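What follows is the residue order along each chain.
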2 protein chains.
Amino acid sequence: MFRSHTNGELSLKNLNETVTLSGWVQTIRDKGFMIWIDLRDRYGVTQLLLDEERSTEELMKAAKNLGREFVIQVEGKVIERTSKNPKIPTGDIEILVETLTILNESQLPPFTIEDETDGGEELRMKYRYLDIRRNPVREKLIFRSKIAQKVRNYLSDQNFIEVETPVLIKSTPEGARDFVVPSRMNEGQFYALPQSPQTFKQLLMIGGMDRYFQIVKCFRDEDLRADRQPEFTQIDCELAFVEQEDVLQIFEGLASHLISEISGKETGKFPRITYEEAMQKYGNDKPDIRFGMEFVELNEETKGKDFKIFDEAELVVGINVENCAEYTRKQIDALVDFVKKPQVGASGLIWIKKQADGSVTSSVNKFFDEESLSKIAEKFNAKAGDLMLIMSGTENKVRAQLSALRMELGNQLNLRNPKDFAPLWVLDFPLLEWDEETERYHAMHHPFTAPKPEDEHLLTENPGKARANAYDLVLNGNEIGGGSVRIFNKEMQSRMFDLLGFSKEDAEAQFGFLMNAFKYGAPPHAGIALGFDRLVAILDGNETIRDYIAFPKNNSGRDVMIDAPSKISDEQLEELSLKLN
Amino acid sequence: MFRSHTNGELSLKNLNETVTLSGWVQTIRDKGFMIWIDLRDRYGVTQLLLDEERSTEELMKAAKNLGREFVIQVEGKVIERTSKNPKIPTGDIEILVETLTILNESQLPPFTIEDETDGGEELRMKYRYLDIRRNPVREKLIFRSKIAQKVRNYLSDQNFIEVETPVLIKSTPEGARDFVVPSRMNEGQFYALPQSPQTFKQLLMIGGMDRYFQIVKCFRDEDLRADRQPEFTQIDCELAFVEQEDVLQIFEGLASHLISEISGKETGKFPRITYEEAMQKYGNDKPDIRFGMEFVELNEETKGKDFKIFDEAELVVGINVENCAEYTRKQIDALVDFVKKPQVGASGLIWIKKQADGSVTSSVNKFFDEESLSKIAEKFNAKAGDLMLIMSGTENKVRAQLSALRMELGNQLNLRNPKDFAPLWVLDFPLLEWDEETERYHAMHHPFTAPKPEDEHLLTENPGKARANAYDLVLNGNEIGGGSVRIFNKEMQSRMFDLLGFSKEDAEAQFGFLMNAFKYGAPPHAGIALGFDRLVAILDGNETIRDYIAFPKNNSGRDVMIDAPSKISDEQLEELSLKLN
């Protein structure tokens, strides 16, 4: 037996008990005649004591030879501490060590195993197993596991069945790039790893499973942007005999359950806005509504003042930043610099201040008299002391630019408290989006999403205008889930593949099994998938998902700890009938 | 709203309520003036009624045009049935249909969607989504999901943390063949899919996670034997600061919890036998102990009787089959035929009968007089009416052959009731086994298993004799789990790789990260992995795992439903820098 207790559980209640503990040496304080050791494990830290009077010379010597991260086992008596540490649960006691065994030695670790470490990102990834010893990292992984458990229990209570769908499936050209797996037994053929279990969950609905979920790994071979992983985890769900409203209610239930379990706060009913409204109000289909600064469109108010930039713009739009009229020239210049950054890409920014005395001034006083400015301020509902920021340009671009500015100000003004949760539903997404590059429509959600019944006629008249019963669950400016009501008849699915530019043959070869399944009594169904990595990060008040993944890959898709991917042997290649090019 | 209730919940309590139901048409009984429809969903079946007197002509006509597996929605009133069906929960009521909507039509399915179907295996695999509509299949998937939930809750209660380990890892030559995944971003390099998360769970222990589990997909590119799948699911666990005894107790707890939840039966403490004892008593390291017929070795008792076959045999060994002395010549011949089958491979079988009157006779009366036979019978502890069956040959072969015969008799005599659960631990497995083909030692469990401390000296003297603290959990003749105490220091791990014929370079290239990790304070640790597919099947009283997998692959590793694997495009190959050979 390596331990009678963990390092997190002993207290005054255990006084005078003889206990056995195991763990890692966190720190050693050697005062010569007395030695204190902090012994650490997953559960906490317990202080060990050796002193000249009560410990043997041999024991003292052994303790002096210990190093950080040595794995030791001690036996000793629980005694009361002279100077207590109220910060930790075991802070009232210490262990007077009677025997000490080194279970394993440790070299000096490449970075300190402390809450605040001196190790850089790369080093910590290479020695991820040491990084995981640090409390903040371990706690994140434990948090993730707890959320998974809560999700499973909630959905099971709602009659959802967790079904494991296959990982070795079929490559399809739609969506992102697939990872593929050469088949040895089927020469020249490949499996693909799923980007999502989409078709399988639909087949489960056709199979009468009624309510399916799965917390499941998915894969995308995309060039990795920061904080994207080639393998990621999804809470994948599908329901039969439901309408959009049913899905929204159930998953609003799940999300508010998780938020209230984590934060103790009740979210109330989630706001719902349409995609169009989200773009108009926030320039963004995943708005952070922890703060206001809603967009105000000003084409009417600004036109005809000889200010060419506004007059010629497709859209003039601004936000009102409360209580910021006292911003200095330098502060405003910094905002102008921000919007001019390549990743935002604007050419500039107009400001109007409603001063404390109620007067209005601006960076365009040359074109706008006080009356015109006051009218604009009125449109903004600006109060004395507010700062208005206005941008202009083509509709899509200026919205994206102003949205970036809005988020920047949200950050600067500390309006994005990670402990606050502001969920909402964004509804009525367009069914299709036109891709300039490939000159064809792409499915905005995926090719299995049904058009809104009232928009079906648009599929012939103006496909780009057709909306879908597609919905996103947005939390604190992040899309944490998305889904849709699905097509469940063969004709509509064929029509959709046509619109997406599939030939009949391709559609048949890729999705024939699904269209075939639609012939045998497919029920109406709908579903949703939540990005589990991101959901967990946000619920824990963070935005970087990498910390919540036990063994993440870097931006080149490499696991630097195990050094994967790597070369394989010629025999392996030959067995797979493959050659490197 | 597609339904107010499911098809499994209405009863007399709902009398006269107006309800909306949706589901599949299971059967239609059309008596002309009255039509009954069984409406099915996941939750049950509800009987719908239409009759000439109370239903409109239009409605009657619509109902007459329905076919099996049509998806319909009806509104109607709950009424009491005239002839009740006590077999189903909704058997007291029926729905007098007021409106009927066809949500989707169905072609005639390729096999009947009934508990007993007319569809063959292959057809049911191709239309797996229809097979899943059948109660027995759906129930198996639901059973699986419930067991997973119970496992998760049990282990979480025991402080285990579920951690997701990566799917895109590194190919290693040890063990079975890996599936590999070419990396586009790292040209010429490959990921591998994990055969198990072995090294990652060990790194989690080094990382101080203390207790890890995961229900996780694993992958093996092996030629598929019946009932083997290229992707399978494992309950994977690892614990730090534990000895073998801790692991046995915790997972005995899990297994007996599951058995008692399923069967209501308490298992009591699991028997434990050593590998050696299992081979001696049952000729098998995963003995089915629902019945006795333990092996009795008879070299002493049979030698010197001029019966050459026995005299020359390394091992003479038999089983006593209770109450089977009345077996006819024909029945015994059938057993002889059985052991002569190529998959058993024996040359014959000797029998001895202890007759009802206590006299003893045999197929070798020529060599053995009644006294000798009686002595043998005594060794068997045979009672009047028992049949003894004896085989001989080289130790390993004859044990395997007699084991096959023992299992065959267990089946024939109905001693293997799938509702009985007989778990046991098999302990002290050999560390290594000699492989004639490659002329080197292979790890019996895996290369990370530690030798028993008392056997460490054998690694130099006689490696094949060294035993490990490796253990298998066996249930009803199936290995449902296996694990071991792990090596946790670099020197021992290096030594093990040496013994397994790894060059220093290969060991470093493949497992350098693990041996490196051992330098930084690796704790003692041990673990176990349970085959989830098989565990679920056995707990449900079955032995074929395929039924418990939603979308299984066939013996060529193909998913015949989606037709995977398949060819990929030349562009995909090019992006991966690959050529077909």
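Residues numbered from 1 in each chain as written. Chains lettered and ligands numbered in written order. Predicted model: local features only at pLDDT ≥ 70, side-chain atom pairs only at ≥ 80, totals over all residues. Heavy atoms only, no water.

The name given to chain A in an unreviewed UniProt entry is Aspartate--tRNA ligase, with Frigoriflavimonas asaccharolytica as the source organism. Per UniProt, chain A has the following entry under Subunit (unreviewed entry): "Homodimer." Quoted verbatim from the Catalytic activity (unreviewed entry) heading of the UniProt record, the comment on chain A is "tRNA(Asp) + L-aspartate + ATP = L-aspartyl-tRNA(Asp) + AMP + diphosphate". (UniProt positions renumbered as here; feature names shortened; annotations may be inferred.)

**What to know about the interface of chain A and chain B**
One widely used convention gives an interface's size as the accessible area the parts lose upon coming together. Across the boundary between the two partners, chain A contributes 120 residues, which contact 120 residues of chain B. Between chain A and chain B, the buried area comes to about 10,800 Å², and carbon and sulfur atoms account for 58% of it. A per-residue breakdown of the area chain A buries against chain B is headed by Glu164, Phe241 and Tyr520 of chain A, which together make up 8% of the total. Across the chain A-chain B interface, the total number found is twelve salt bridges. Note that Glu162 of chain B is salt-bridged to Arg152 of chain A, the shortest N-O span being 3.6 Å. Across the chain A-chain B interface, the total number found is 67 residue pairs in polar contact (both at pLDDT 80 or more). In terms of residue count, the dominant contributor to the side of chain A that touches chain B is helix H4 (residues 135–157) of chain A (nine residues). Looking at the side of chain A that touches chain B residue by residue, the classes come out as 61 nonpolar, 29 polar and 30 charged. (Contact = heavy atoms within 4.5 Å. Buried area = accessible area lost by both parts, 1.4 Å probe. Salt bridge = Lys/Arg side-chain N within 4 Å of Asp/Glu carboxyl O. Polar contact = N/O pair within 3.5 Å; in protein donor to acceptor, adjacent residues only side chain to side chain. Helix = DSSP H or I, 4+ residues; strand = E, 2+ residues; numbered from the N terminus. Nonpolar A, V, L, I, M, F, W, Y, C, P; charged D, E, K, R; others polar.)

**Details of the relation of the copies chain A and chain B**
Relative to chain B, chain A is turned by 180° and slid 0.0 Å along the rotation axis, the superposed coordinates differing by an RMSD of 0.1 Å. Here the two chains are linked by the operation of a two-fold rotation axis. When the interface residues of chain A are mapped onto chain B, 100% of them are again interface residues, pointing to one common binding face. (Least-squares fit on C-alpha atoms with pLDDT ≥ 70 in both.)

**Thoughts on empty space enclosed by the protein**
Counted under the stated rule, the structure contains nine cavities of 30 Å³ or more. If you go around the largest cavity, you meet 32 residues; those closest to its centre are Ile215 and Val216 of chain A together with Arg152, Ile215 and Val216 of chain B. When its residues are assigned to classes, the lining of the largest cavity shows 15 nonpolar, seven polar and ten charged. (1 Å grid on protein atoms, 1.4 Å probe; cavity = no way out; pocket = protein on both sides within 12 Å on 5 of 7 lines; lining within 4 Å. Points joined across faces, edges and corners; volume = space filled by probe spheres on them.)

**So, the side chain of Ser362 of chain A**
Residue and element names in this part refer to chain A. With respect to the helices and strands, the residue Ser362 is situated in strand E15 (residues 360–362). A polar contact is formed between the side chain of Ser362 and the backbone nitrogen of Val364, at a distance of 2.9 Å. A polar side-chain atom of Ser362 sits 2.9 Å from a polar atom in the side chain of Asn365.

**Here's the deal with the pattern of salt bridges**
The final tally for this structure, using the stated rule, is 90 salt bridges over all chains. A salt bridge links Arg416 of chain A to Glu543 of chain A; the nearest nitrogen and oxygen atoms lie 3.5 Å apart. Residue Arg416 of chain A is found in the loop between helix H12 (395–412) and strand E17 (423–427), and its partner Glu543 of chain A is found in the loop between helix H16 (532–539) and helix H17 (570–575); the two are separated by 127 residues along the sequence. Judged by its relative accessible area of 16%, Arg416 of chain A is buried. The salt bridge partner of Asp30 of chain B is Lys64 of chain B, with a shortest N-O separation of 3.1 Å. (Buried < 20%, exposed > 50% of the residue type's maximum accessible area, 1.4 Å probe, protein only.)

**Some points on the domain arrangement of chain A**
Assigned domains of chain A: these are domain 1 (12–104), domain 2 (139–271 + 424–548) and domain 3 (291–415). Here domain 1 of chain A and domain 3 of chain A have C-alpha centroids that lie 62 Å from each other. (Domains from an automatic or database assignment.)

**Considering helix H10 (residues 329–340) of chain B**
For an α-helix the count is 3.6 residues per turn, leaving residues at separations of three or four pointing the same way. Residues and elements named next belong to chain B. Taking 1.5 Å per residue as the helical rise, H10 with its twelve residues ought to reach 16 Å, and the 16 Å between its terminal C-alpha atoms agrees with that figure. Within the span of H10, buried status applies to Ile332, Leu335, Val336, Phe338 and Val339. The buried residues of H10 occupy one face: seen down the axis, they fall within an arc of 155°. Every exposed residue of H10 that faces more than 90 degrees away from the buried side is listed here: Arg329, Lys330 and Asp337. Structurally, H10 contributes buried residues whose contacts are with strand E14 (350–354), strand E16 (387–393) and helix H12 (395–412). (Expected span 1.5 Å × (residues − 1). Arc of directions from axis to C-beta.)

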